[in-house]
Amino acid sequence: MSGKQDSAMGEQAPIDTRNAAKSGKSKGGAAAPGARKRTAPGAGTRTESRLAMVRRARRINRELADVYPYAHPELDFRNPFELLVATVLSAQTTDLRVNQTTPALFAAYPTPEELAAAVPEELEAIIRPTGFFRAKARSLLGLSAALRDVFGGEVPGRLEDLVKLPGVGRKTAFVVLGNAFGVPGITVDTHFGRLVRRWKWTEQEDPEKVEAEIAEIFPKSEWTMLSHRVIFHGRRICHARKPACGACPIAHLCPSYGEGETDPEKAKKLLKYEMGGQPGQRLNPPADYPGTPAPPLGTSGQVSA
């Protein structure tokens, strides 16, 4: 889920990352007393045992839970069918763009039966803003027909059934299972994969291998919320091209510290969404979300995912 747009709004005050002291720096940028010495990536850091890595990984998860107690799926949905459709649409675009598109989509086709009967060209016109609209329309028509014909118009709550639907892979299936059915799952999207490699939890690139290795580190009960926290952190602070290391509340636990901007003031300017005083991605966020809702389609205030 990637994006290309920058925010033009955002008068909201940025959320305090609170744990700035944990970055190992005192005021003025000097090393704080007792801070763990970090070396630049590739500079020959000592080998970490498997047990030490697991302990560090679990501590990162606990600290992310403190930073993002409101972490949640960033797609608007009211039922499993809407979440399934929104997740399929989210490929190669931002959750924001999907959230701006789905109100019109679900107003026109609120059920699998109605979506399955849609005129392809009319469906394509609605979902065009999400990109790859012809392929996505084929997937939506196919999965809706399968839901109608095979599953009685209901989204199945089993992985093996979901991945048989057109356009649905393991990532999409785990999003639906974890957030619509309460079935734990690890969602390996581009943000999740990037961060777990930066944190040296795994060296794998293949999403299924990443999923398997991370599943060995954490209890199953943590899988869904772990996914949300890691993805939230990747979207807000630990960016792909320029991570905001100097504003990261878990920098003291990160073996890749220094890959991005380490100056606190410069790093602060890289923060996104509620962390940077900008609107979020959901038009209808959960009640505990501390930021402002996303703008409707056709307005400004958009930032990249």
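Every value quoted in this text rests on a predicted model; they were computed, and no experiment measured them. (Residues numbered from 1 in each chain as written. Predicted model: local features only at pLDDT ≥ 70, side-chain atom pairs only at ≥ 80, totals over all residues. Heavy atoms only, no water.)

Asks: What is the right way to look at the nonpolar core in this model?
Replies: Nonpolar side chains tend toward joint burial in soluble globular proteins. Core analysis: the biggest nonpolar cluster contains 41 residues, and Tyr 68, Phe 192, Trp 199, Trp 201, Ile 214, Ile 217 and Phe 218 have the highest contact counts within it. Every element with two or more residues in this core is listed here: α1 (50–67), α9 (190–198), α10 (207–215) and α11 (223–236). Take this core: its biggest share by element is six residues, from α1. Ranked by size, the runner-up nonpolar core spans 32 residues in total, among them Leu 143, Val 155, Leu 162 and Ala 173. (Core = buried A, V, L, I, M, F, W, Y, C linked by side-chain atoms within 4.5 Å. Buried < 20%, exposed > 50% of the residue type's maximum accessible area, 1.4 Å probe, protein only. Helix = DSSP H or I, 4+ residues; strand = E, 2+ residues; numbered from the N terminus.)

Asks: Is there a simple way to think about the confidence of the model for the protein chain in this case?
Replies: Detailed reading of the predicted model is not advised wherever pLDDT is low. Mean pLDDT for the protein chain: 88, with 83% of residues reaching 70 or above. Counting contacts from residues 1–13, a segment whose pLDDT is below 50, to residues more than four positions away or on other chains yields 43 contacts. pLDDT under 50 marks residues 18–44. Its contacts with residues more than four places away, or in other chains, come to 33 contacts. (pLDDT = per-residue confidence, 0-100. Contact = heavy atoms within 4.5 Å.)

Asks: I would appreciate a short explanation of the environment of Val 88 in the present structure.
Replies: In this fold, Val 88 is placed in helix α2 (residues 80–89). Using a relative accessible area of 7% as the deciding quantity, one classes Val 88 as buried. Separated by 78 residues in sequence, Val 88 and Pro 166 have C-alpha atoms that sit 9.4 Å apart. Look past the residues within four positions of Val 88 in its chain and what remains in contact with it is Lys 136, Ser 139, Leu 140, Leu 143, Gly 167, Val 168 and Thr 172.

Asks: It is not clear to me how the side chain of His 239 should be interpreted in this structure. Could you clarify?
Replies: Relative to the helices and strands, His 239 is located in the loop between α11 and α12 (264–268). Judged by relative accessible area, His 239 falls into the buried class, the value being 9%. Every residue in contact with His 239, bar those within four places of it in the chain, is listed here: Arg 194, Arg 198, Gly 234, Leu 270, Leu 271 and Lys 272.

Asks: In this structure, what is going on with helix α5 (residues 120–127)? I would like to understand it.
Replies: Because an α-helix completes one turn every 3.6 residues, residues spaced three or four positions apart along the sequence face the same direction. When we look at burial in α5, the residues that qualify are Leu 123, Glu 124 and Ile 127. For α5, the angular spread of the buried residues around the axis is 100°, confining them to a single face. Of the exposed residues in α5, the ones pointing more than 90 degrees away from its buried face are Glu 121 and Ala 125. In this structure, the buried side of α5 is in contact with α2, α3 (95–108), α4 (112–116) and α6 (133–150). (Arc of directions from axis to C-beta.)

Asks: So what exactly am I meant to see when it comes to the packing of aromatic side chains here?
Replies: Both the distance between ring centres and the angle between the ring planes are used here to describe each pair of aromatic rings. Tallied over the entire structure, the rule returns seven aromatic pairs. Both rings, one in Tyr 70 and one in Phe 232, keep their centres 6.0 Å apart while their planes meet at 65°; by these two values the pair is edge-to-face. On the criterion of sequence distance, the pair formed by Tyr 70 in the loop between α1 and α2 and Phe 232 in helix α11 is long-range, its members being 162 residues apart. Take Tyr 70 and Phe 232: they sit in the same class, and that class is buried. (Phe/Tyr/Trp six-rings, centres within 6.5 Å; stacked < 30°, edge-to-face > 60°.)

Asks: Can you help me understand unusual backbone geometry in this one?
Replies: Outside of glycine, negative phi angles account for most residues, and trans bonds account for most peptide bonds. For Lys 200, which is not a glycine, the phi torsion comes out positive at approximately 65°. Note that Lys 200 resides in the loop between α9 and α10. For Tyr 273, which is not glycine, the phi torsion reads 55° and is therefore positive. Note that Tyr 273 resides in the segment after α12. When its relative accessible area of 1% is taken as the criterion, Tyr 273 is described as buried.

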